[in-house]
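These are the residues of each chain, in order.
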Amino acid sequence: QLLLVESGGGLVQPGGSLRLSCAASGRTFSSYVMGWFRQAPGKEREFVAYINWAGGSTYYADSVKGRFTISRDNVKNTVLLQMNSLKPEDTAVYYCAARRGSPRLSFHEYEYWGQGTQVTVSS
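Definitions and cut-offs
Residues numbered from 1 in each chain as written. Predicted model: local features only at pLDDT ≥ 70, side-chain atom pairs only at ≥ 80, totals over all residues. Heavy atoms only, no water. Helix = DSSP H or I, 4+ residues; strand = E, 2+ residues; numbered from the N terminus. Buried < 20%, exposed > 50% of the residue type's maximum accessible area, 1.4 Å probe, protein only. Contact = heavy atoms within 4.5 Å. Pairing = 2+ DSSP bridges. Axes fitted to C-alpha atoms, helices over the stretch in contact; angles between N-to-C directions.

(A) View of the environment of Val64. Along the chain, Val64 falls in the loop between strand E6 (58-60) and strand E7 (68-73). Residue class for Val64 comes out buried when judged on its relative accessible area of 0%. Taking the C-alpha atoms as reference points, Val64 and Ala49, 15 residues apart in sequence, are found 8.4 Å from one another. Apart from residues lying up to four places away in sequence, Val64 is in contact with Arg38 and Val48.

Quick look at the structure:
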C-alpha cells in the first residue's frame, strides 16, 4: 500500500517555474516506478514523466521535454517535478502516481494516485 500526497502547485506567469513534490508513505517506495500525469479541464489525463525505481531512467512527454525534470529521493520517499519555462498550455491538475514493475506511459497502468495539485500558468 502506498499513500501519495502532492504539493507545490499554484499560479505562475508564463516563463516562470514551479517545483512539485510528491510525498509517499510506505516502506516499499523504492520498489515503485513513479510518474507524473496532468489533466486539463475537458481533457483526458495525460502522461508527463516517469522515473524508474533507482532513479537512473527517466522519460518525458514531448510537450515537456527540456523544460521539466523528474527526480526522486528513496531515503526521503519523495519524487519531484521541476517545471521551468512554463506555458499557459501547462495549466492542469498534476497527479503523482506509482506502479510496480516496468515503467508505463498509460495512466490506466498506475496503481496508486495522489489527490492532485493545481498548476495555473497565466499572466
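(B) Here's a closer look at the sheet that holds strand E8 (residues 78-83). The sheet built from four strands is open, its strands ordered E1-E3-E8-E7 with antiparallel pairing. Of all strands in the sheet, those bounded by a partner on one side alone are strand E1 (3-7) and E7. Pairwise comparison of adjacent strand axes, ignoring direction, gives a mean angle of 15° for this sheet. In the sheet, E1 pairs with strand E3 (residues 18-25) via five bridges, with the strands oriented antiparallel. Counterpart to Ser7 in the pairing with E3 is Ser21.

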